[in-house]
Amino acid sequence: TNARIAHPDYQSKVMDAAAAASLIKSGDAVGMSGFTGAGYPKAVPQALAAQIEEAQAKGDNFKIRVLSGASTGPELDGALAKAKGIDFRLPYNSDPIAREQINAGTMQYVDMHLSQVAPATWQGFLGPLDVALVEVSAILPDGSIVPSSSVGNNKTWLDRADRIILEVNSWQSASLEGMHDIYYGTALPPNRVPIPLVRPQDRIGQPTFRVDPSKVVAVVPTDIPDRNAPFKAPDDAALKIAGHLMQFFAHEVKVGRLPKELLPIQSGVGNIANAVLHGLLDSPFEQLTSFTEVLQDGMLELLAADKLTMASCTAFSLSPEAAEMLNNDMARYRDRIILRPQEISNHPELVRRLGCLAMNGMIEADIYGNVNSTHLMGSRIQNGIGGSGDFARNAYISIFMAPSTAKGGKISTIVPQVSHVDHIDQDVQVIVTDQGLADLRGLAPKQRAEKVIANCVHPAYRDMLADYYARALHGSYGKHSPSLLNEALSWHQRFVETGSMLP
Ligand code: 0RQ
């Protein structure tokens, strides 16, 4: 018997991954656990991928709809995409095989704000949910379910699905029990009420999921580790970006617009975001808090150094080494980390109330401060908007950052006009590149453009951008946000045609 499966109703449903996978049928909509390489099911999706490949070899077009928390790991999105088994996917993907299929036009992908997935499911906007396939860390003697290393949309999948398959992963630390805060107070309009969270450290829910045992069709024990991508060591550009931001925060404290312990930090995915957290480690700021969606290596280091008093998130997003470290040392951190459903970790009401400092990576920004977080050259999706929109619109200060060039200097990340808009200029207050920081708060469009051109553009592109803007000032149809329509996207077009934005 497995000590993690401590309830007789569930013990009688234990089976292997292949038997559980055979309970998922072609056409099913499957709500999967998983958020940035943490807490995703690992055994059943791989068994399902093998069954899909077999069915397809016999000419049966077996495909499923996949709904998740955010990105997952190679055993889920990678394996199912490789089997060509995903017909439709939401809300965030970073798997390279799935990305290829999305960009080849063979997989339908809905890139949603992460906080909106659970409410949209309850509202009935995403159709019925046939199966919930959810990794958990334990089933307690009273039948309540201890979540895993991410919470994501699991509460909603477990409540809404007709059939439930649980993977009980004994690789996950037993000390996860008690770290989660599952809030059951959400309701649909017109019955919605305020969410009673006023500080990042507040607990407003319960530590476990409630599940209707009659819906559970399979319980699969596993011990497969979470598999997150390693972070690159911060490069020169990342260190410069972190430096500009630390100066900015120090200045805001000095002029009294931020308290000395700052405000709850939200930090996005990617190497730059992680580098900024490293920057905070060496900064004078103490007693920091975070209200964010993912806890990355950098945030764990801040906790370890007692720079950060606590972290509220929905998932771990750790390198394999940091995940092992945390797993072995969970007891040390368990009182200072709260894992919540993503509809709460990213809730606009809470982000606004707490006054988060939102720091997210971007693909590109334009001279007016519109930001593209998702699409290369206007059409090729990289990952997705993730939680960046949930936080950016509602933050106390909304910050976007990127190196000033990409692809070895062939691309300027500051352009005349973004090739796709995720964050409109109203939602973007600060832009930071390795060149410098542009504080755009309270500025009109032409003032914003001047500041972005002066502070953020790489020298190889600065004259070109200044020249574009000078001509736009004279030749534009309107003079509020001057733009030359036939030229605004010409840098992107040149890259598509020649492989470089430079003439
Ligand atoms: O591609 O690896 O093939 O070279 O994009 O870029 O510089 O490694 O940056 O890891 O910080 O990611 C916006 C993608 C930045 C991320 C993005 C290419 C570049 C490289 C990655 P290669 P870097 P990062 C909460 C917040 C949206 C979700 C979000 C992201 C690759 O931050 O997905 O914010 N954000 N969530 O070469 C062409 C450009 C480019 C470019 C970069 N202008 N043109 N390619 N690249 N800029 C967390 C969650 O939601 C879970």
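Not measured: the values here are computed from a predicted model. (Residues numbered from 1 in each chain as written. Predicted model: local features only at pLDDT ≥ 70, side-chain atom pairs only at ≥ 80, totals over all residues.)

Concerning the overall build of the protein chain
The helix and strand inventory of the protein chain stands at 18 helices and 25 strands. Dimensions of the protein chain, computed from the C-alpha atoms along their principal axes, are close to 75 × 55 × 45 Å. Put simply, of all contacts in the protein chain between residues at least 6 apart along the chain, 73% involve residues at least 24 apart. (Helix = DSSP H or I, 4+ residues; strand = E, 2+ residues; numbered from the N terminus. Contact = placed C-beta atoms within 7 Å.)

Focus on helix H16 (residues 445–455)
Within the span of H16, buried status applies to Arg448, Ala449, Val452 and Ile453. One side of H16 holds all its buried residues, which, seen down the axis, span an arc of 125°. Here the buried face of H16 lies against strand E23 (414–415), strand E24 (430–432), strand E25 (437–439) and helix H17 (459–475). (Buried ≥ 20, exposed ≤ 12 C-beta atoms within 10 Å, placed from the backbone. Arc of directions from axis to C-beta.)

Let's talk about the nonpolar core
Ranked by size, the top nonpolar core spans 150 residues in total, and within it Ile241, Val276 and Ile431 carry the most contacts. Looking at which element gives the most residues to this core, the answer is strand E5 (residues 131–139), with 7 residues. Apart from the residues lying within four places of it in its own chain, the contact partners of isoleucine 241 are Ile272, Ala275, Val276, Met401, Val432, Thr433 and Asp434. (Core = buried A, V, L, I, M, F, W, Y, C linked by C-beta atoms within 7 Å.)

As for the site of the ligand
Taken together, 29 residues lie near the ligand, and Gly268, Gly270, Gly361, Gly386 and Ser388 sit nearest. The residue makeup of the shell around the ligand, split by class, is 13 nonpolar, 13 polar and 3 charged. (Near = placed C-beta within 6 Å. Nonpolar A, V, L, I, M, F, W, Y, C, P; charged D, E, K, R; others polar.)

Regarding the sheet that holds strand E17 (residues 371–372)
Strands sit in the order E17-E16-E23 across an open sheet of 3 strands; the sheet is mixed. This sheet does not close on itself; its edge strands, each paired only once, are E17 and E23. Pairing analysis gives 2 bridges linking strand E16 (residues 364–366) to E17, with the strands arranged antiparallel. What sits directly across from alanine 365, in E17, is valine 371. (Pairing = 2+ DSSP bridges.)

So, the packing of helix H8 (residues 236–254) against helix H9 (residues 271–281)
Running from N to C, H8 and H9 cross one another at 50°; their axes reach a closest spacing of 8 Å. In terms of their interaxial angle, H8 and H9 are classed as oblique. Here the hand of the crossing between H8 and H9 comes out right-handed. Counted together, Ala238, Leu239, Ile241, Ala242, Gly243, Leu245 and Met246 of H8 and Asn271, Ile272, Ala275, Val276, His278 and Gly279 of H9 form the full contact between these two elements. In terms of residue class, the contact of H8 with H9 is made up of 9 nonpolar, 4 polar and no charged. (Axes fitted to C-alpha atoms, helices over the stretch in contact; angles between N-to-C directions. Parallel < 35°, antiparallel > 145°, perpendicular 65-115°, else oblique. Left-handed = near helix turned anticlockwise from the far one by under 90°.)

Here we look at the UniProt feature "domain: Acetyl-CoA hydrolase/transferase N-terminal" (unreviewed entry) in the protein chain
Look at the UniProt record and you will see "domain: Acetyl-CoA hydrolase/transferase N-terminal" (unreviewed entry) annotated at residues 9–221. Strand forms 19% of residues 9–221 and helix 25%; the C-alpha atoms that close the span are 15 Å apart. (UniProt positions renumbered as here; feature names shortened; annotations may be inferred.)

Structural notes on the pairing of strand E1 (residues 29–32)
Alternating residues of E1 divide into Ala29 and Gly31 and Val30 and Met32, and every residue in both groups is buried. Bridge count between E1 and strand E2 (residues 64–67): 3 bridges; the pairing is parallel. The residue bridging alanine 29 from the neighbouring strand is arginine 65, located in E2. With respect to chirality, the unit in which E1 leads through helix H3 (residues 43–57) into the neighbouring parallel E2 is right-handed. Relative to E5, E1 is paired through 3 bridges, and the arrangement is parallel. Residue pairing for E5: valine 30 is matched across the bridge by valine 131. (Right-handed = clockwise from strand over helix to strand, strands pointing away.)

So, the UniProt feature "binding site: CoA" (unreviewed entry) in the protein chain
The UniProt feature table records "binding site: CoA" (unreviewed entry) at Ile363, Asn383, Gly387 and Lys407. Judged by maximum C-alpha separation, these annotated positions cover 45 residues in sequence and are scattered in space, the widest gap reaching 25.2 Å. Checked against the element boundaries, isoleucine 363 lands in the loop between strand E15 (357–361) and E16. Here isoleucine 363 is in contact with Asn372, Ser373, Thr374, His375, Leu376 and Gln382, once residues within four sequence places are set aside. Tracing the backbone shows asparagine 383 in the loop between strand E19 (380–381) and helix H15 (388–394). Note on asparagine 383: 20 C-beta atoms within 10 Å, which makes it buried. If sequence neighbours within four positions are ignored, asparagine 383 has contacts with Tyr92, Asn93, Ser94 and Thr374.

Remarks on the environment of arginine 352
Examined against the element boundaries, arginine 352 turns out to sit in helix H14 (residues 348–354). Classification of arginine 352 by C-beta neighbours within 10 Å gives partly exposed; the count is 13.

Some remarks on the environment of serine 373
Relative to the helices and strands, serine 373 is located in the loop between E17 and strand E18 (375–376). Ignoring anything within four residues of it in the chain, the contact list for serine 373 reads Asn360, Met362, Ile363, Ile385, Ser388, Asp422 and His423.

Notes on the pairing of strand E10 (residues 288–291)
Of the two faces of E10, the one lined by Leu288 and Ser290 and the one lined by Thr289 and Phe291 are each fully buried. As defined by bridge partners, E10 adjoins strand E12 (residues 308–313) across 4 bridges and the pair is classed as parallel. Residue pairing across strands places leucine 288 opposite leucine 308, the latter belonging to E12.

A short note on unusual backbone geometry
Cis geometry marks the peptide bond from leucine 90 to proline 91, where omega comes out at 0°. Not every positive phi belongs to a glycine, and lysine 407 is a case in point at roughly 50°. Looking at the element boundaries, lysine 407 is found in the loop between strand E21 (405–406) and strand E22 (411–412).

Remarks on the environment of alanine 444
Along the chain, alanine 444 turns up in the loop between E25 and H16. A residue is classified by how many C-beta atoms lie within 10 Å of it, and alanine 444, with 11 of them, is exposed. In this structure, the C-alpha to C-alpha distance between alanine 444 and serine 481, residues 37 residues apart in sequence, is 8.8 Å.

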